[in-house]
Amino acid sequence: MSAQLAQLWSQLQFLRPLWLLALPLLPLLAWWRVRAVRRRGGWAQDVDAHLLPHLLVREPQGLGRAWQDVLGWVGMALVILALAGPSLHTRTQPLWQSRQPLVVALDLSQAMHGRDLPPDRLSQARAKLATLLRQRQGGEVALVVFADDAYTVAPLTFDAANVALFLDALAPEVMPADGHRVDRAIDWSRKLLRQAGFPRGEILLLTDRANPAALTAAARARADGYRVSVLGVGRASGGLDEAALQTLAARGGGRYQPISPGDADLRALGVLDPGQMSAAPGDGTARLRQDEGYWLLPLAMLCLLPWLRRGAGVLAVLVLLCGPSLPAQAQTSVQGDAWHRPDQIAYARRQQGVEAYRRGDYARAAAVFAGLPDALSQYDLGNALAQQGRYDEAIAAYDRALRLDPGLADARYNRALVEAARQRQRMSQPPAQGQQNPQGQQNSQGQQNSQSQQNPQGQQNSQGQQNSQGRSGVQGRPQGRQESPQPQAQPASQTRQQVQQQAQQQAQADAALRARLQAALARQSGGRRTPAESDHVGQETPEQRARRLANQAWLQRVPDDPGALLRARLWLEAQRRQLQGEGP
């Protein structure tokens, strides 16, 4: 029996030991209460002490009254011990887990223009990245490109669609210098994962060969907990060194697969279904102490029952009812101010905004982030507004974030992207009056689509957005007719004959528009105008001809260079590294 008690005593721990400091206060409270009872309502101030025993009539004390006081103080001691959180046992609890992050490092050396993979290696690599970003099931993704050095195109993010935006801009021409430094790509990817605080992660290389420095870098990454896998881009006839890439993957603790149609290669590498990553090393579980103080509460309540009759145990009852539940209330209450500091409330609100953003509810996320004044929340507000196409408001949010934290590089980078998107949006708007497109059709980049995808009836385009002129009636007007300032709604007094006449005019305008579209297709295919088009051009007035030429000039001035922004950003980063002595 004594051995068991000794074992229990050795296992005893208090989860909240500061409550034990209240135990020495109990004797002081007991002394104060006894003194108050002896004063008996203030007679000691008016009567000499040696006369009080003879003048006052005392109730018989007996052992019962004394034991009530003793039990009451024992109950208070048990309450304090319960609040201190005594623990004798432990339990196993799984830790929080998340998907492992992935950093994709794409080779953008001039070798990617090789045509051993039809149509070329770069096109195959882009298509493979699109499949990866579309089918990957959770986990953060980052995109790194490398040639003579490695650069971050998209940092780690849960939104794979944001990474996919850069696929069309990926080309060897955006790199500041040509080369093939696979080792720098591995080291830079490892740095991204380490800076994000991930103890483990995946690095996927898309390249065609490896050097000894890359093998050393892969070994370093594996030692840090990051697995390096390789997807071989190319064929042996075009210079693909499968032996070196297999050795590289083995050094990095990963796998090697040659690129192939479909997604079988990605599934073999294990990057489409990332594994779980626990928050701590081991099997993802932890041993936690159990709070067993609640076993003392029934006994404490029994001891305090005599005090309840006299009204002296009100404070003890309040402590019994509220004290042990404080930790649970503090964990379950998110918005309450009673148990949380302002920074904890702001963090909880920020998490709500993050969850809404991940669900795609960008309006809700923007509403949550708008009420938070810190730099990161304003940065996230800019992201949520940009996803809704509210570019001006997004840029203002990025500016506020940069004012609060000038070193927030992600905000500066995203601001540049949104600024470029806003410029493209402005350029895609129809020109001012006198420069409108006579055909009234625009594609998603602000250029006239004269090949296909045109709808002469003002229906929606391939992106599900209605033509900007389809509701104003400009699309169906003949080329020489001016815009009418009258509203769309027909007056109540309009006769049926007028309605039929307008419908007939609309049908004629639609037929004329279809004829012009067919003429444009024929001109692109054969380079010659049809007779009907030649007659129409010959009948143009000077005003109509000036408008047509202005429309053509407006359409031709839109540049088609999706990699311009990325090329400028990588060039500036290369210059910064050279000035700081970090470049190759």
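Residues numbered from 1 in each chain as written. Predicted model: local features only at pLDDT ≥ 70, side-chain atom pairs only at ≥ 80, totals over all residues. Heavy atoms only, no water.

A. Molecular detail of the overall build of the protein. Helix and strand counts for the protein come out as 22 helices and twelve strands. With 584 residues in all, the protein has 37% of them scored as buried. Summed over all atoms, the accessible surface of the protein reaches about 33,800 Å², with 55% contributed by carbon and sulfur. (Helix = DSSP H or I, 4+ residues; strand = E, 2+ residues; numbered from the N terminus. Buried < 20%, exposed > 50% of the residue type's maximum accessible area, 1.4 Å probe, protein only. Areas by Shrake-Rupley, 256 points an atom, 1.4 Å probe, with all protein chains shown as cover.)

B. Fine view of the packing of aromatic side chains. Using the criterion set out here, one finds four aromatic pairs in the structure. Geometrically, the ring pair formed by Tyr294 and Trp295 is tilted, given 5.1 Å between the ring centres and 35 degrees between the ring planes. Tyr294 sits in the partly exposed class, given a relative accessible area of 48%. Judged by relative accessible area, which is 61%, Trp295 ranks as exposed. Geometrically, the ring pair formed by Tyr379 and Tyr398 is tilted, given 6.2 Å between the ring centres and 45 degrees between the ring planes. Of this pair, Tyr379 sits in helix 16 (residues 375-387) while Tyr398 sits in helix 17 (residues 391-404), placing them 19 residues apart in sequence. The class for Tyr379 is buried, based on a relative accessible area of 13%. Arg358 extends its terminal NZ or CZ atom over the ring of Phe158, reaching a point 4.0 Å from the ring centre. Directly above the ring of Trp188 sits Arg577, whose terminal nitrogen or CZ lies 4.3 Å from the centroid. (Phe/Tyr/Trp six-rings, centres within 6.5 Å; stacked < 30°, edge-to-face > 60°. Lys NZ or Arg CZ within 6 Å of the ring centre and 35° of its normal.)

C. Focus on the sheet that holds strand 10 (residues 253-258). Spatially, 7-6-5-8-9-10 is the arrangement adopted by the six strands of the open sheet, whose pairing is mixed. Edge strands, defined here as strands with exactly one partner in the open sheet, are strand 7 (150-157) and strand 10. Each neighbouring strand pair of the sheet contributes to a mean axis angle of 15 degrees, computed without reference to strand direction. By the bridge criterion, five bridges tie strand 5 (residues 102-107) to strand 8 (residues 201-207) in an arrangement that is parallel. Across the sheet, the residue bridging to Val104 is Leu204, located in strand 8. (Pairing = 2+ DSSP bridges. Axes fitted to C-alpha atoms, helices over the stretch in contact; angles between N-to-C directions.)

D. The arrangement of the pairing of strand 5 in detail. With six of six residues buried, strand 5 is to be regarded as a mostly interior element. Side chains Leu102, Val104 and Leu106 of strand 5 all project onto a buried face; the interleaved residues Val103, Ala105 and Asp107 project onto the opposite face, where all are buried too. Bridge analysis of strand 5 against strand 6 (residues 141-146) gives six bridges, and the strand direction is parallel. Bridge pairing in strand 6 places Leu102 opposite Val141. Traced from strand 5 through helix 5 (residues 121-135) to strand 6, the parallel crossover comes out right-handed. (Right-handed = clockwise from strand over helix to strand, strands pointing away.)

E. Main features of a nonpolar patch on the surface. A cluster of nonpolar side chains, contributed by Trp67, Val70, Leu71 and Val74, occupies part of the molecular surface with about 360 Å² of accessible area. Exposure remark for Trp67: the relative accessible area of 53% places this residue in the exposed category. (Patch = residues over 30% accessible without salt bridge, like charges linked within 9 Å, V, L, I, M, F, W, Y side chains within 5 Å. Salt bridge = Lys/Arg side-chain N within 4 Å of Asp/Glu carboxyl O.)

F. Examining the side chain of Glu140 more closely. Along the chain, Glu140 falls in the loop between helix 5 and strand 6. An unpaired buried charge is present at Glu140: no salt bridge exists, and Arg358, the closest side chain of opposite charge, is 5.6 Å distant. Residues in contact with Glu140, not counting those within four places in the same chain, are Pro101, Leu102, Leu156, Thr157, Phe158 and Phe198. (Lys, Arg positive; Asp, Glu negative; His and termini not counted. Contact = heavy atoms within 4.5 Å.)

G. Summary view of the pattern of salt bridges. Tallying each qualifying case throughout the model produces 21 salt bridges. The partner of Asp116 in a salt bridge is Arg121, with the nearest N and O atoms 2.9 Å apart. In terms of burial, Asp116 and Arg121 fall into one category: buried. In the salt-bridge network here, residues are joined through shared partners; they are Asp149, Arg184, Glu573, Arg576 and Arg577.

H. Main features of the packing of helix 16 against helix 17. Packing of helix 16 against helix 17 leaves a shortest axis separation of 8 Å and a crossing angle of 165 degrees. Looking at the two axes, helix 16 sits roughly antiparallel to helix 17. Of the two possible hands of crossing, helix 16 and helix 17 adopt the one that is left-handed. Of the residues in helix 17, those in contact with Ala375, Gln378, Tyr379, Leu381, Gly382, Asn383, Leu385 and Ala386 of helix 16 are Tyr391, Glu393, Ala394, Ala397, Tyr398, Arg400, Ala401 and Leu404. Grouping the constituent residues of the contact of helix 16 with helix 17 by class yields eleven nonpolar, three polar and two charged. (Parallel < 35°, antiparallel > 145°, perpendicular 65-115°, else oblique. Left-handed = near helix turned anticlockwise from the far one by under 90°. Nonpolar A, V, L, I, M, F, W, Y, C, P; charged D, E, K, R; others polar.)

I. Quick look at the environment of Ala210. With respect to the helices and strands, Ala210 occurs in the loop between strand 8 and helix 8 (212-223). Along the chain, Ala210 and Asp241 lie 31 residues apart, while their C-alpha atoms are 7.7 Å from each other. Discounting residues that sit within four places of it in the chain, Ala210 has contacts with Ala244, Leu245 and Leu248.

J. Here's a closer look at unusual backbone geometry. Residue Pro119 is bonded to the preceding Pro118 through a cis peptide linkage, with omega at -10 degrees. The residue Pro119 is located in the loop between strand 5 and helix 5 in this model.

K. Examining helix 22 (residues 564-579) more closely. Across its 16 residues, helix 22 extends 23 Å between first and last C-alpha, which sits within 8% of the 22 Å expected from 1.5 Å per residue. Every buried residue of helix 22 is accounted for by Leu566, Leu570, Ala574 and Arg577. An end-on view of helix 22 places all buried positions within 70 degrees of arc, on one side of the element. Exposed residues pointing more than 90 degrees away from the buried face of helix 22 are listed as Leu572 and Leu579. Where the residues of helix 22 are buried, they touch strand 6, strand 7 and helix 7 (182-195). Downstream of helix 22 by a residue or two, Gly581 has a phi angle that is positive, lying close to 75 degrees. (Expected span 1.5 Å × (residues − 1). Arc of directions from axis to C-beta.)

L. Summary view of the confidence of the model for the protein. With 65% of its residues at a pLDDT of 70 or more, the protein shows a mean pLDDT of 74. Note on residues 323-337: pLDDT under 50 across the span, and 19 contacts to partners over four residues away in sequence or across chains. Low pLDDT (under 50) marks residues 432-495, which in the prediction has 109 contacts with non-local residues, meaning those over four places away or in another chain. (pLDDT = per-residue confidence, 0-100.)

M. Highlighting the nonpolar core. One finds Leu106, Leu129, Leu132, Val145, Leu170 and Leu206 to be the most contacted residues of the largest nonpolar core, which totals 40 residues. Sorting the residues of this core by element identifies strand 5, helix 5, strand 6, strand 7, helix 6 (160-164), strand 8, helix 10 (264-269) and helix 22 as the ones contributing at least two each. A per-element tally of this core places helix 5 first, with five residues. Other than its neighbours up to four places away in sequence, Leu206 contacts Val104, Ala105, Leu106, Asp107, Ala125, Leu129, Phe146, Leu231 and Val233. (Core = buried A, V, L, I, M, F, W, Y, C linked by side-chain atoms within 4.5 Å.)

N. Structural detail: the pairing of strand 8. For strand 8, the buried fraction is high: seven of the seven residues fall into the buried class. Covered by surrounding structure in strand 8 are Gly201, Ile203, Leu205 and Thr207 together with Glu202, Leu204 and Leu206, the residues of both alternating faces. The parallel pair strand 8 and strand 9 (residues 226-232), bridged by helix 8, forms a crossover whose chirality is right-handed.

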